[in-house]
Amino acid sequence: MGLLRLSFCQPARAKLCVFSRIPLGQKNLRVQGQFMKKINDRQIDEKSFRLVNRRELIKLAPVLALGAFAIPKLQQVLLKKGLGFSDWMGARLFRPGHPATTFGNADLTPPAKFPINGYDVDDPGVDLENWTLTVSGAVQRPGQYKLAQVQALQRVRQNTRHVCVEGWDVIGRFGGAKLSDFLQLIGADPTAKYITVNCADDYYESLDMATALHPQTLLCYEMYEQPLTREHGAPLRLQIPTKIGYKQAKYLTDLKVTHVLDKVGYWEDQGYSWFYGM
Amino acid sequence: MSGVVEIIQSKGNEEGDTIVVARAVYEHPFIVRLCHWVNTVALFVMVGSGLQIFRAFPSFGAKIPQKDLLHWPKAFAIGGWLGGALQWHLTFMWIYLGTGFLYLGYQLLSGNYRQVLFTRRDLPGVWPMVKHYFFFGEKPPAREAYNALQKQAYTTAIILGILSVLTGFAVWKPIQFSWLAWMMGGFHYARIWHFAVMWAILFFVLGHLVMVILHGWNNFMSMLTGWKKDPEY
């Protein structure tokens, strides 16, 4: 084996067995409240050494707490808490005045290569002629809003990145009204915390007020300077460059300003992050 | 904190002589050991869930047309589906980050970083170790816990750990950390870097495990108890 080296020293010559000038700290010598048997600071008897080792090993017991993640019932609770913490952090890191990167026209993904993602159907068959957006909640002027009323607001066109939770990203040219302008039009309560939307395909989403008021957050009615196609959410969709793809709800039918979040979001209810800001 | 002790026989012999049966060195302070094992679990979860996230779009090119880079088997991934994997990833990233900060803070404040930090002084030791490891050269005498190549490996691993966090934040918050994403060539490239750093870390882990097996039980136990019996130096 050769693992144990045997050497013999006379007590009188013990000092010659010194291997290091660095003294062993006194706190290392405490074993269960008692000072171990020691000849001098650099020697320790076998039994005490085993006790020291055992105590040092037991000190690592807190690592076993991670085993809670292996217990199915606790796992769901812990992961939900972890995701919640990430959302809370995401909201803290969000800077209301900080713009998403914008790109030149040369960087645009061609319209034909802009993926169409629906959770259910690509075209829920919206009656574009008679479409209105139903506004409710903490607003001064609730009711039915026509597309022309949204289009009467200042139009913004921006080339921004659209990132899917799956990992792919495209750069598109989006046009529409600032959601913040629309919130002003409907007289939204500025102290309300959330915006929730319903869609023609039964999809639903919600937004924090800080993101809703971000200058690049759009009620989008055109892509690549053309009216929104049915597959991309005609006649009106959310376009939020500071959020992940599944927050960009299409075919909007209802918009509610609220203090309490009663409906969170379709994918959030399946287990995705709610805040997911970029 | 370092200490070198002689382990002596529990009962002295009849003449009252002290019999030294072994030597031991205190190599790994508690915080280092704690961070090592918590990080082992965290890294395992981060890699496993990261690969499940990658499975959702196993490509770095365009979505249309999609060309998959590799088909990673589901059995070697954590979370079951994209949403589940994101829950694991976005939970354990805080544990990973926490142990990272605790480890780096402790190492810097205690001065223990000298044990693992590769510096210019370690340069002369590199070639003899390379000869020993790869060309059957004689083993150079050990003077401290880690030889030049070990220090180089651990220093690289720490840098990779920091890079994994930075690239990760660039992928998670490419707008709030736009400067990070910009440094990496934009969101698209940040995702590639994040993936590449993971493979580099896995390469280190592979080498680390091989060396742990080769160096035997006493060396392994030192990361659990702090004490290494019969060190080579």
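Note that the structure is a prediction, hence the values are computed from the model and not measured. (Residues numbered from 1 in each chain as written. Chains lettered and ligands numbered in written order. Predicted model: local features only at pLDDT ≥ 70, side-chain atom pairs only at ≥ 80, totals over all residues. Heavy atoms only, no water.)

Draft legend 1. Quick peek at empty space enclosed by the protein. Residue and element names in this part refer to chain B. All told, the structure shown has two cavities of 30 Å³ or more when counted by the stated rule. Its volume calculated, the largest cavity comes out at about 730 Å³. Lining the largest cavity are 35 residues, with Ile53, His89, Gly168, Val171 and His194 sitting closest to its centre. For the lining of the largest cavity, the elements supplying multiple residues, two or more each, are helix 1 (30-56), helix 2 (82-110), helix 4 (148-172) and helix 6 (187-225). Taken together, the residues of the lining of the largest cavity sort by class into 27 nonpolar, six polar and two charged. (1 Å grid on protein atoms, 1.4 Å probe; cavity = no way out; pocket = protein on both sides within 12 Å on 5 of 7 lines; lining within 4 Å. Points joined across faces, edges and corners; volume = space filled by probe spheres on them. Helix = DSSP H or I, 4+ residues; strand = E, 2+ residues; numbered from the N terminus. Nonpolar A, V, L, I, M, F, W, Y, C, P; charged D, E, K, R; others polar.)

Draft legend 2. Here's a closer look at the environment of B:Phe44. Residues and elements named next belong to chain B. Assignment of secondary structure puts Phe44 in helix 1. Judged by relative accessible area, Phe44 falls into the exposed class, the value being 59%. Placed 158 residues apart in sequence, Phe44 and Leu202 show a C-alpha to C-alpha distance of 9.9 Å. (Buried < 20%, exposed > 50% of the residue type's maximum accessible area, 1.4 Å probe, protein only.)

Draft legend 3. Spotlight on the interface of chain A and chain B. Listed as interface residues are 72 residues of chain A and, on the opposing side, 62 residues of chain B. Between chain A and chain B lies a buried interface of about 6,200 Å² when both sides are counted; carbon and sulfur atoms form 65% of it. For B:Lys63, the salt bridge identified is with A:Glu166, shortest N-O distance 3.5 Å. Across the chain A-chain B interface, the total number found is 16 residue pairs in polar contact (both at pLDDT 80 or more). Breaking the side of chain A that touches chain B down by element, the ones donating at least two residues are strand 1 (7-9), strand 4 (43-45), helix 1 (46-58), helix 2 (72-93), strand 7 (155-163) and helix 6 (266-270) of chain A. Grouping the constituent residues of the side of chain A that touches chain B by class yields 41 nonpolar, 17 polar and 14 charged. Pairing between strand 4 of chain A and strand 1 (residues 4-8) of chain B: three bridges, direction parallel. The residue of strand 1 of chain B that forms the bridge with A:Gln43 is B:Glu6. (Contact = heavy atoms within 4.5 Å. Buried area = accessible area lost by both parts, 1.4 Å probe. Salt bridge = Lys/Arg side-chain N within 4 Å of Asp/Glu carboxyl O. Polar contact = N/O pair within 3.5 Å; in protein donor to acceptor, adjacent residues only side chain to side chain. Pairing = 2+ DSSP bridges.)

Draft legend 4. Just the pairing of strand 8 (residues 169-178) of chain A, in detail. Here strand 8 of chain A lies mainly inside the structure; nine of its ten residues are buried. Taking the residues that link successive antiparallel strands as the turn, the strand 7 of chain A-strand 8 of chain A hairpin has five residues, and the phi of A:Gly167 there is positive, at about 130°.

Draft legend 5. Expanded view of the confidence of the model for chain A. Taken as a whole, chain A shows an average pLDDT of 86; of its residues, 85% reach a score of 70 or greater. Here residues 1-39 of chain A is modelled with pLDDT under 50, and outside its nearest four sequence neighbours on either side it reaches 66 contacts, counting other chains as well. (pLDDT = per-residue confidence, 0-100.)

Draft legend 6. Main features of the layout of surface pockets. Residues and elements named next belong to chain B. When its volume is computed, the second largest pocket comes out at roughly 710 Å³. The wall of the second largest pocket is formed by 30 residues, among which Ala142, Glu144, Ala145, Asn147 and Glu232 lie closest to the centre. Counting residues per element, the ones that place at least two in the lining of the second largest pocket are helix 3 (126-134), helix 4, helix 6 and strand 3 (227-229). With five residues, helix 6 is the largest single contributor of residues to the lining of the second largest pocket. Partitioning the lining of the second largest pocket into residue classes produces 14 nonpolar, seven polar and nine charged.

Draft legend 7. Just the packing of helix 1 of chain B against helix 6 of chain B, in detail. Residues and elements named next belong to chain B. Two numbers describe how helix 1 lies on helix 6: the axes approach to 11 Å, and their chain directions differ by 145°. Between helix 1 and helix 6 the crossing geometry is left-handed. Contacts between helix 1 and helix 6 involve Arg33, His36, Trp37, Leu43, Val47, Leu51 and Phe54 from the first element and Arg191, Phe195, Met198, Ile201, Leu202, Val205, His208, Phe220, Ser222, Met223, Leu224 and Thr225 from the second. Of the residues belonging to the contact of helix 1 with helix 6, the class tally is 13 nonpolar, four polar and two charged. (Axes fitted to C-alpha atoms, helices over the stretch in contact; angles between N-to-C directions. Left-handed = near helix turned anticlockwise from the far one by under 90°.)

Draft legend 8. Quick look at a nonpolar patch on the surface. Residues and elements named next belong to chain B. Taken together, the side chains of Ile159, Ile162, Leu163 and Leu166 present a nonpolar region at the surface, about 300 Å² in accessible area. By the element assignment, Leu166 lies in helix 4. Take Leu166: its relative accessible area is 33%, and that puts it in the partly exposed class. (Patch = residues over 30% accessible without salt bridge, like charges linked within 9 Å, V, L, I, M, F, W, Y side chains within 5 Å. Areas by Shrake-Rupley, 256 points an atom, 1.4 Å probe, with all protein chains shown as cover.)

Draft legend 9. Region of interest: the sheet that holds strand 10 (residues 204-208) of chain A. Residues and elements named next belong to chain A. Taken together, five strands build an open sheet; the order of strands is 6-5-14-9-10 and the sheet is mixed. Two strands bound the open sheet, and with one partner strand each, they are strand 6 (143-145) and strand 10. On average, each strand axis in the sheet is inclined to that of its neighbour by 25°, with strand direction left out of account. For strand 9 (residues 194-199) and strand 10, the ladder comprises five bridges, and the chain directions are antiparallel. Note on strand 10: the bridge partner recorded for Tyr194 is Asp208.

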